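Spelled out from the first residue to the last, the chains are:
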Amino acid sequence: MYQHSDNAGGVIDLPVNKVVCVGKNYQDHVIEMEKHFKSTVGDTPLIFMKPRNSICSLSHPVKIPSDKGECHNEVEVALLLQHRLCNCDDLKEAEQAIWGIGIALDLTLRDIQLELKKAGQPWERAKAFDASCPVSAFVPKSQFQHLDDITFSLQVNGSIRQQGSTKHMLVGMVDLVMQMSQAFTLDAGDIILTGTPSGVGPLAKGDELQLRLGSHLDVHTKVIA
């Protein structure tokens, strides 16, 4: 059973709750989605959720569905919240709610997502399935000098597929947490996924993955089906 953990191997004493995600928070990914999937972006952050059972650890192999079409990688910086936030309008309060920072995959069943979009239906079947949010351990926030310049990347079979920096976010991490809390209450133990850069693509059984978060995390895993 998944538990939040820190980069020293300890268990973090916070409950496992929901995952709150944002779509299209990097301009290069917006362009990518418009070009290949005719997707558009609105004026406000596109927010959606994954349930508790979507969370699993990147210390185990990444399991993808074998019978639901293409499952795409979307590597993202992940935030772990330590305090409840509701209708927050103060950036300092929003930043203080962050326990730590990790890296995660927002696994997406792309064929199903495109079908749902065409039908004008919600995305849950494409985004919120069990084990759709593999996440690393979390590094305490105090170990980062600047939250607005954290680099991260995903390699698949030794080749860079996605790389980015939080300085390229359309909505910065702390501002994003604040805006999410104005949509609905965020709870201690929630994970925030902050958006993905360009380079999304299908994963396949046997793929070897390497996820890096600056100099803080270097995670190796593989894909199973």
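Only a predicted model underlies this, so the values are computations on that prediction, with no experimental measurement involved.

**Student:** Honestly, the environment of Asp-218 in this entry has me stumped. Any pointers?
**Tutor:** In this structure, Asp-218 sits in strand S16 (residues 217–224). Residue Asp-218 is classed as partly exposed on the basis of its relative accessible area of 42%. The sequence separation of Asp-218 and Ile-112 amounts to 106 residues, and the corresponding C-alpha distance is 31 Å. Those residues in contact with Asp-218, other than ones at most four positions away along the chain, are Gln-210, Leu-211 and Arg-212. Among the polar contacts listed, one links the side chain of Asp-218 to the side chain of Gln-210, at a separation of 2.9 Å. A distance of 3.3 Å separates polar atoms of two side chains, one belonging to Asp-218 and the other to His-220.

**Student:** Before we go on, may I ask you to explain the sheet that holds strand S4 (residues 62–63) in this structure?
**Tutor:** Pairing between the strands of a sheet comes from backbone hydrogen bonds, and it takes one of two forms, parallel or antiparallel. Taken together, the five strands give an open sheet; going across it, the order is S4-S16-S15-S11-S12, and neighbouring strands pair in mixed fashion. The open sheet has two edge strands, S4 and strand S12 (159–165), and neither has a second partner. Relative to strand S15 (residues 208–213), strand S11 (residues 151–156) runs antiparallel, the two being bridged by five bridges. Looking across to S15, one finds that Gln-155 is bridged to Gln-210.

**Student:** Honestly, helix H5 (residues 173–183) in this entry has me stumped. Any pointers?
**Tutor:** Helical geometry note: an α-helix holds 3.6 residues per turn, so side chains three or four residues apart project in the same direction. Along H5, the residues that are buried comprise Met-173, Val-174, Leu-176, Val-177, Met-178, Met-180 and Ser-181. Tucked inside the fold, the buried residues of H5 contact strand S1 (19–23), strand S2 (46–50), strand S6 (75–81), helix H2 (91–96), strand S7 (98–105) and strand S13 (191–193).

**Student:** Could you clarify how one ought to interpret the pattern of salt bridges in this entry?
**Tutor:** Side chains bearing opposite charge may pair, as long as their charged atoms lie close to each other. Evaluated as defined, the whole model comprises seven salt bridges. Between Asp-106 and Lys-50 there is a salt bridge, with its nearest N and O atoms 2.8 Å apart. Within this pair, whereas Asp-106 is found in the loop between S7 and strand S8 (108–109), its partner Lys-50 is found in strand S2, the two being separated by 56 residues in sequence. Residues Asp-106 and Lys-50 agree in their burial class; the two are buried. We note a salt bridge from Glu-74 to Lys-127, for which the minimum N-O separation is 3.3 Å.

**Student:** Help me understand the sheet that holds strand S14 (residues 201–202) in this model?
**Tutor:** Sheet architecture is open: three strands sit in the order S8-S5-S14, paired in antiparallel fashion. At either end of the open sheet lies a strand with only one pairing partner, and these are S8 and S14. Of the strand pairs in this sheet, strand S5 (residues 71–73) and S14 are connected by two bridges, and their pairing is antiparallel. Bridge pairing links His-72 to Pro-202 in S14.

**Student:** Hey, could you run me through helix H3 (residues 110–118) in this one?
**Tutor:** Within H3 the residues assigned to the buried category are Arg-110, Ile-112, Gln-113 and Leu-116. One side of H3 carries all its buried residues, which in axial view fall inside an arc of 160°. With respect to the buried face of H3, the exposed residues turned more than 90 degrees away are Glu-115 and Lys-118. Two residues or fewer after H3 comes Gly-120, characterised by a positive phi angle close to 70°.

**Student:** Looking at this model, I keep getting lost on the nonpolar core. Mind explaining?
**Tutor:** One broad rule of soluble globular proteins: the nonpolar side chains tend to lie buried together. Ile-101, Leu-105, Ile-192, Leu-209, Leu-211 and Leu-213 are the most contacted members of the largest nonpolar core, which totals 49 residues. Looking at this core element by element, the count peaks at six residues for H5. If we ignore the near neighbours within four places in the chain, the residues touching Leu-211 are Leu-58, Val-75, Ile-103, Ala-104, Leu-105, Ser-153, Leu-154, Leu-217, Asp-218, Val-219 and Thr-221. Listed in part, the 17 residues of the second largest apolar core include Leu-80, Ala-104, Trp-123 and Val-135.

**Student:** It is not clear to me how the pairing of S6 should be interpreted in this structure. Could you clarify?
**Tutor:** Moving residue by residue along a regular strand, the side chains alternate between the two faces of the sheet. Counting buried positions along S6 yields seven of seven residues, so the element is predominantly enclosed. Residues of S6 alternate between two faces, with Val-75, Val-77, Leu-79 and Leu-81 on one and Glu-76, Ala-78 and Leu-80 on the opposite face, all of them buried. Pairing of S6 with S7 involves seven bridges; the strand directions are antiparallel. The partner of Val-75 across the bridge, within S7, is Leu-105. The pairing of S6 with S13 spans three bridges and is classified as antiparallel. From the neighbouring strand, Leu-80 faces S13, where its bridge partner is Ile-191.

About the criteria used
- Residues numbered from 1 in each chain as written.
- Predicted model: local features only at pLDDT ≥ 70, side-chain atom pairs only at ≥ 80, totals over all residues.
- Heavy atoms only, no water.
- Helix = DSSP H or I, 4+ residues; strand = E, 2+ residues; numbered from the N terminus.
- Buried < 20%, exposed > 50% of the residue type's maximum accessible area, 1.4 Å probe, protein only.
- Contact = heavy atoms within 4.5 Å.
- Polar contact = N/O pair within 3.5 Å; in protein donor to acceptor, adjacent residues only side chain to side chain.
- Pairing = 2+ DSSP bridges.
- Salt bridge = Lys/Arg side-chain N within 4 Å of Asp/Glu carboxyl O.
- Arc of directions from axis to C-beta.
- Core = buried A, V, L, I, M, F, W, Y, C linked by side-chain atoms within 4.5 Å.

Any link to function would need more than the numbers given here.
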